[in-house]
There are 6 protein chains.
Amino acid sequence: MRYNNRARDELRPVKFTVGYCDYPAGSVLVETGRTRVLCNASVEDRLPPHLIGGTGGWVTAEYSMLPAATLTRNRRDISSMKLAPRSAEIQRLIGRALRSVTDLGMLSGMTITVDCDVIQADGGTRTASITGGWLALWLACEKLKKDGVFTVNPVREEIAAVSAGIVNGEVLLDLDYSEDSRAEADFNMVMTAEGRIIELQGTGEERPFSRSELNGLLDLGTKGICELCRSRRAYMKRSL
Amino acid sequence: MRYNNRARDELRPVKFTVGYCDYPAGSVLVETGRTRVLCNASVEDRLPPHLIGGTGGWVTAEYSMLPAATLTRNRRDISSMKLAPRSAEIQRLIGRALRSVTDLGMLSGMTITVDCDVIQADGGTRTASITGGWLALWLACEKLKKDGVFTVNPVREEIAAVSAGIVNGEVLLDLDYSEDSRAEADFNMVMTAEGRIIELQGTGEERPFSRSELNGLLDLGTKGICELCRSRRAYMKRSL
Amino acid sequence: MRYNNRARDELRPVKFTVGYCDYPAGSVLVETGRTRVLCNASVEDRLPPHLIGGTGGWVTAEYSMLPAATLTRNRRDISSMKLAPRSAEIQRLIGRALRSVTDLGMLSGMTITVDCDVIQADGGTRTASITGGWLALWLACEKLKKDGVFTVNPVREEIAAVSAGIVNGEVLLDLDYSEDSRAEADFNMVMTAEGRIIELQGTGEERPFSRSELNGLLDLGTKGICELCRSRRAYMKRSL
Amino acid sequence: MRYNNRARDELRPVKFTVGYCDYPAGSVLVETGRTRVLCNASVEDRLPPHLIGGTGGWVTAEYSMLPAATLTRNRRDISSMKLAPRSAEIQRLIGRALRSVTDLGMLSGMTITVDCDVIQADGGTRTASITGGWLALWLACEKLKKDGVFTVNPVREEIAAVSAGIVNGEVLLDLDYSEDSRAEADFNMVMTAEGRIIELQGTGEERPFSRSELNGLLDLGTKGICELCRSRRAYMKRSL
Amino acid sequence: MRYNNRARDELRPVKFTVGYCDYPAGSVLVETGRTRVLCNASVEDRLPPHLIGGTGGWVTAEYSMLPAATLTRNRRDISSMKLAPRSAEIQRLIGRALRSVTDLGMLSGMTITVDCDVIQADGGTRTASITGGWLALWLACEKLKKDGVFTVNPVREEIAAVSAGIVNGEVLLDLDYSEDSRAEADFNMVMTAEGRIIELQGTGEERPFSRSELNGLLDLGTKGICELCRSRRAYMKRSL
Amino acid sequence: MRYNNRARDELRPVKFTVGYCDYPAGSVLVETGRTRVLCNASVEDRLPPHLIGGTGGWVTAEYSMLPAATLTRNRRDISSMKLAPRSAEIQRLIGRALRSVTDLGMLSGMTITVDCDVIQADGGTRTASITGGWLALWLACEKLKKDGVFTVNPVREEIAAVSAGIVNGEVLLDLDYSEDSRAEADFNMVMTAEGRIIELQGTGEERPFSRSELNGLLDLGTKGICELCRSRRAYMKRSL
């Protein structure tokens, strides 16, 4: 039995608070179950060194957990003087996913940074960051559109992300922390609303898994991402 | 005229959300005007190196701003590989203030870390951190008391903090960012509910100021701190 | 046409030099096409902090590129004072994969570090590191077995890794750098010799890809990994 | 009884060695009791990043202790790879105080750095740094004046700093280390020669203190700063 | 008796593999006994800050050991977040030696970095780095010459380096690790092929040594360097 | 002509101020011409990691320049977050030289750190650090002897250091900065009072130099070191 009698293929309740912060161009607090991530998209008139002199722009992400977001307090990166490797990996994933559906050529001279700060972590923070971060990015671009920077939003396609995993031999959608920590295999998926694949990352943490198990995980993920996009669209309409 | 017709000696509306996060022993989101600081108090069974072998415990604070908390995005400390000196200074102040009213001898073997993460900054983040952080610390100690660690709360006295400043020659209580950035002098005060002084930090940023101006600032601060303690007490009662 | 008339589903020539270095317990220079990675497994009588006090051991990996390994010189991590995020991500992948097939309980009190230093990079360095690193780890454990530390090798299963990708709409096995840099999608796979999945990481770099394209990539990868294990087994027999 | 029968409101003997070093534009060794701080003001033709493109200049300070300056050796910042937070706080204070009386607009394109290196620490190093650093800065500007950079010295006003504190219930001026370490409250004051306030920093380290105690501390500080300015003026005249 | 019956004044077998790596302009694997150093010279169109605006170029070196190069694994610099002081010292020595015989004025706007990565360390890695690094630098300049950048090679003179030491009172040429660790005195010499001195570094590690012992060490070093240059010249001819 | 008509083989005036600082066990301000180095020897009851568990003790050195010690201000190490490689090299040299004449076995469980802080640099700071640091170390051990820690001073032998160089073809003793910056070759020597060699470091900065030039440099150095030891002995006697 899952917490709250959740079905095998059921997402946790998801909620988007648009405009949570006043200053960034796009701001979304995304909550999925007890997991809460604040996604803020800030626009700056500067380029990363490797793009200076070119004609396009850039989208990047930063991911960090508040110290008290987890069951036992985790130290700040600055205390150990290095970005946690796990955070480095996750923020590369978020940035890659967001760039893959953005027309960077339209962002000439601008960098949009999507900060994903985890307020509370109960599993699925990286996928929530992508699902919420996409909305923050889209909102920031809508704002630039209203300001006349461009006439169509350069975020060309909707994407979302979700996890699935094998727990006690069963394939489950959207693992919470207690499930994730017991999972035999763990899969994170980023897809478009139509289920085309942007990124897959899966690990057999306790044992190797089979092609047919993989297919079960992908089926669940496709269903979950489709539902996430649908429920997110309601928030998008309201904010237009 | 101040924003929202605020009077010279009037605080911004203040609100405490107790239990904002689920995991830390004490958790408070404090909001004062548009300034929002999340204060989480975590208890750990470890001591800082300089106390190992002794009989008491420790209280410390960490202060940090989210990148999108300010009008223009500010870089994370880890990007520049050093704790911002301003943050270092502020977290030393918060820790000192909280320790000054805590019976550290009762916290034997424990460290309580009060994390003050600024979600949105519109002036007064350091004083909000002290006012909210005190409540988070008190709540964490109440929890330890319920768990039987001690029979009286080791936080012996109520303290709060507020700023006051001189803007266009006028003495104002509780500066917001637009006032703070134009202030001729800026004063941060930490006091007990009865107006006894814990810490004063004041700067004549644009010009030296006089003893009588100082007295005006102190009078305002005493009034503000007294009001903050009174309104905070309502939240304390509810959470018992 | 691929370089050297390589077929779509053909690996680059692969070569293992066992015992390349004299001091580490297991040492392998793995070469696949022009890519060369030196994999050294060192045994130390110490544990990482999170395992101290427990009964098992640990396997970890470090990955680094020599500055002159790439077409244009890349700076050392120490120059920029941070581990390259890409390296952090890769060494986490290698360590996870190696641990997934090792009986850590048998390595009581020991840490085996598998250093993967890229001498020359022409695509596929992370997969070569896993394929070669597995052999270095196995050799180090054989040596411990000969020294009487245990009677069976704690590395329970053979694994290897390979990449596949979509280039100009065609699915190709084992991309070299010139292919990788033009790939629409890029997939890294770690599997057992029987094709059961340990880890998958795939990205649609230029465009989303479909489930049927994914299946094509997985079929190629399974074939490649099976061949890599077979050819590596010859080197294992010789070194017994 | 204080060391050397010093009265409650008496400064320690103070001495300024002007021109202690040959290379910097302004160089002063300030000694107050056993506390010795070397203050050197160096002029450079560069601006900090946030001023580039503007018309003015900048004054900044760096504060550091020699390892053997204290009773037990203190480690260098570079050993722990971070600027001691206490030093960060102090150098911000020194810089702020010196800038508050300098016409930065006259220093166009120049940065003057006032290095305050503590040779020996017996309490009051931060206030000695301000009192001595002001003189080093003024001397550097006199030199620039002689070189024809400007016709009046841009340091518009004399400032000095001193500490006062409450020890065993008694209000004392200019604490040495043995007094400071026992103080119930500790106050650092920066004022003009006429007693107008530049900066106040006070802490009730052992207990809160009252407004009337505060007034006692301020009276002592005003007296001390006035005397420091008077005795420093003699050294200024000699060096013209 | 020395290992392999080596005579007091006999070098270990030395071997140069020219073109070991494909990408850098000059690439040499130098082996002397069991010591193996990979020397790669990379040409970049940039200058270090202190030369920008000038007319010449720069030659610099970086020295690093692979973790498994030594009998017991050594940690990477990035783990401890600082360049090992020994490495810093050695790379300064290599760079100084190479610059002393290069006409930097001819390298206008270019920096040549000679990376010396120690694959295996059995004593004499710094001298092998100079002897091999000189060849890598010369090859890189030959390549630039072929590319028409200049008509004569700017490396004006041949240099090589070797160690000598006093072990059990006996003066020995080219110490291996087991000799070096027992040496009473240890001497590193860099000379031209004709025995003129570029750099000397000698330490009486166990006891002071005399002028006549020094002369014995210098005689051995001169002989060794002369032989190293002679044997290296064969590899130079072949690569023309 | 040298500054002040100094002869080719003449030292600059040298002066030792014993007891310059009050807290460290041994404290010496050494001045040679305009070069001034403060050498403080501090005794601590701790051992470096590699000696813990052994029976002896340790002597080490740290070397640093004040920012205003040089003609143009040099940045603090902490600003660039790394120990200047030149300083790292010099402090290794000082530590090695001091250890070579100290009976470390007598310092059981203690570390003596000799801090060499350059107040003003006019050439020869590393040799002055050794000459002055030796005295600080000897004084600290005399103090321990008085405290009954041992009955003979563990510093067994007198050493000192000096530079010599070739300027305009002429061999000169004890170069000042203006000579050093024009030197064709530069030699630093550490010897016992009897001229036996502890350490030699010499570089042909502008051109290779010959064996006979080397002999000229060594003759000058031997003479200089002998004189330094003699004049230092006067200060030692006075401080007994």
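Shown above is the structure to which this text applies.
Residues numbered from 1 in each chain as written. Chains lettered and ligands numbered in written order. Predicted model: local features only at pLDDT ≥ 70, side-chain atom pairs only at ≥ 80, totals over all residues. Heavy atoms only, no water.

Peer 1: Talk me through the overall build of chain A; I want residue IDs and the actual numbers.
Peer 2: Helix and strand counts for chain A come out as 5 helices and 9 strands. Helices and strands appear in chain A in the N-to-C order β-β-β-β-α-α-β-α-β-β-α-β-β-α. The C-alpha radius of gyration computed for chain A amounts to 18 Å, which stays within 12% of the reference 18 Å derived for 240 residues, consistent with globular compactness. When its C-alpha atoms are laid out on the principal axes, chain A stretches across 55 × 40 × 30 Å. When each of the 240 residues of chain A is scored for burial, the buried share is 61%. (Helix = DSSP H or I, 4+ residues; strand = E, 2+ residues; numbered from the N terminus. Rg over C-alpha atoms; globule rule 2.2 N^0.38 Å. Buried < 20%, exposed > 50% of the residue type's maximum accessible area, 1.4 Å probe, protein only.)

Peer 1: So what's going on with the pattern of salt bridges? Residues and values would help.
Peer 2: Using the criterion set out here, one finds 143 salt bridges over all chains in the structure. Here Arg6 of chain A ties to Asp174 of chain A by a salt bridge, and the two come within 3.8 Å at their closest N and O atoms. In this pair, Arg6 of chain A sits in the segment before β1 (14-18) while Asp174 of chain A sits in the loop between β7 (170-173) and α4 (177-180), placing the two residues 168 residues apart along the sequence. Judged by relative accessible area, Arg6 of chain A falls into the buried class, the value being 10%. In this structure, the salt-bridge partner of Glu179 of chain D is Arg2 of chain D, at a minimum N-O distance of 2.8 Å. Linking Glu179 of chain D in helix α4 (residues 177-180) with Arg2 of chain D in the segment before β1 (14-18), this pair joins segments that are 177 residues apart in sequence. (Salt bridge = Lys/Arg side-chain N within 4 Å of Asp/Glu carboxyl O.)

Peer 1: How would you explain the relation of the copies chain A and chain B if you had to name every residue and give the values?
Peer 2: For these two chain copies, the linking operation is a rotation about an axis paired with a shift along it. When chain A is brought onto chain B, the operation consists of a screw motion whose angular component is 180° and whose axial shift is 0.0 Å, with 0.0 Å RMSD remaining. Accordingly, the operation relating the two chain copies is best matched by a two-fold axis. No C-alpha of chain A lies nearer the rotation axis than that of Ile78 of chain A, which sits 2.7 Å from it. A high fraction, 100%, of the interface residues of chain A reappear at the interface in chain B, so the copies pair face to face through one surface. (Least-squares fit on C-alpha atoms with pLDDT ≥ 70 in both. Contact = heavy atoms within 4.5 Å.)

Peer 1: Tell me about the nonpolar core, residues and numbers included.
Peer 2: Judged by nonpolar contacts, the single largest core of 100 residues is most densely connected at Ile119, Trp134 and Ile159 of chain C together with Ile119, Trp134 and Ile159 of chain E. The contact partners of Trp134 of chain C, leaving out residues within four places of it in the chain, are Leu98, Val101, Ser129, Val155, Glu157, Glu158, Ile159, Arg232 and Met236 of chain C. Within the second largest apolar cluster, 98 residues are counted, among which are Val37 and Tyr235 of chain D together with Phe16 and Ile159 of chain F. (Core = buried A, V, L, I, M, F, W, Y, C linked by side-chain atoms within 4.5 Å.)

Peer 1: So what's going on with helix α3 (residues 125-146) of chain E? Residues and values would help.
Peer 2: Residues and elements named next belong to chain E. Along its 22 residues, α3 runs 31 Å from first to last C-alpha, staying within 8% of the 32 Å computed at 1.5 Å per residue. Across the 22 residues that make up α3, a large majority, 19, are buried. Positive backbone phi, at 85°, marks Gly148, one or two positions downstream of α3. (Expected span 1.5 Å × (residues − 1).)

Peer 1: Can you explain the sheet that holds strand β7 (residues 170-173) of chain E? Please cite residues and give values.
Peer 2: What links the strands of a sheet is backbone hydrogen bonding, and the strands pair in either a parallel or an antiparallel sense. Taken in spatial order, the 8 strands make up an open sheet running β7(E)-β6(E)-β8(E)-β9(E)-β9(F)-β8(F)-β6(F)-β7(F), and their pairing is antiparallel. Looking along the sheet, the strands with just one partner apiece sit at the ends: β7 of chain E together with β7 (170-173) of chain F. The average undirected angle you get between the axes of adjacent strands in this sheet is 20°. Relative to strand β8 (residues 185-192) of chain E, strand β6 (residues 159-167) of chain E is paired through 8 bridges, and the arrangement is antiparallel. In the sheet register, Gly165 of chain E faces β8 of chain E, and the bridge partner there is Asp186 of chain E. Contacting β9 (197-203) of chain E together with β6 (159-167), β8 (185-192) and β9 (197-203) of chain F, helix α2 (residues 85-100) of chain F crosses the sheet at an angle of about 155° to β9 of chain F. (Pairing = 2+ DSSP bridges. Axes fitted to C-alpha atoms, helices over the stretch in contact; angles between N-to-C directions.)

Peer 1: Which residues make up the environment of Glu213 of chain F, and what values go with them?
Peer 2: Residues and elements named next belong to chain F. Note on placement: Glu213 falls in helix α5 (residues 211-238). In this structure, the C-alpha to C-alpha distance between Glu213 and Arg92, residues 121 residues apart in sequence, is 27 Å. Discounting residues that sit within four places of it in the chain, Glu213 has contacts with Ile166 and Arg207.

Peer 1: Explain the packing of aromatic side chains residue by residue, including any values.
Peer 2: The final tally for this structure, using the stated rule, is 18 aromatic pairs over all chains. Summarising the aromatic geometry, the rings of Phe16 of chain B and Tyr235 of chain B are spaced 5.1 Å apart at their centres and angled 65° between planes, so their arrangement reads as edge-to-face. You can see Phe16 of chain B sitting in strand β1 (residues 14-18) and its partner Tyr235 of chain B sitting in helix α5 (residues 211-238), a full 219 residues away along the chain. Aromatic pair Trp134 of chain B and Trp138 of chain B: ring centres 6.3 Å apart, planes at 15°, arrangement stacked. Of this pair, Trp134 of chain B and Trp138 of chain B both sit in helix α3 (residues 125-146), 4 residues apart, roughly one helical turn. With respect to burial, Trp134 of chain B and Trp138 of chain B carry one shared label: buried. The ring of Tyr20 of chain D has Arg36 of chain F lying over it, and the distance from NZ or CZ to the ring centre is 4.8 Å. (Phe/Tyr/Trp six-rings, centres within 6.5 Å; stacked < 30°, edge-to-face > 60°. Lys NZ or Arg CZ within 6 Å of the ring centre and 35° of its normal.)

Peer 1: Kindly report on unusual backbone geometry, identifying the contributing residues and their values.
Peer 2: In most cases, non-glycine residues show a negative phi, while peptide bonds are predominantly trans. Look at Asp174 of chain B: it is not a glycine, yet its phi comes out positive at around 60°. You can call Asp174 of chain B buried: its relative accessible area is 5%. Not every positive phi belongs to a glycine, and Asn5 of chain F is a case in point at roughly 60°. Looking at the secondary structure, you find Asn5 of chain F in the segment before β1 (14-18). Looking at Asn5 of chain F, the relative accessible area reads 56%, which means it is exposed.

Peer 1: If you had to explain the interface of chain A and chain B to someone new, which residues and values would you point to?
Peer 2: Contacts between the two partners involve 36 residues from chain A and, on the opposite side, 36 residues from chain B. Summing both sides of the interface, chain A and chain B together bury roughly 3,100 Å²; the carbon and sulfur share of this comes to 51%. Between the two partners, chain A and chain B, sit 12 salt bridges. Here Glu62 of chain B ties to Arg76 of chain A by a salt bridge, and the two come within 2.7 Å at their closest N and O atoms. At the level of secondary structure, the elements contributing two or more residues to the side of chain A that touches chain B comprise β3 (35-44), β4 (58-65), α1 (77-80) and β5 (111-120) of chain A. Here the element with the most residues in the side of chain A that touches chain B is β5 of chain A; it accounts for 6 residues. Split by residue class, the side of chain A that touches chain B holds 17 nonpolar, 7 polar and 12 charged. (Buried area = accessible area lost by both parts, 1.4 Å probe. Nonpolar A, V, L, I, M, F, W, Y, C, P; charged D, E, K, R; others polar.)

Nothing here speaks to function; it is geometry throughout.
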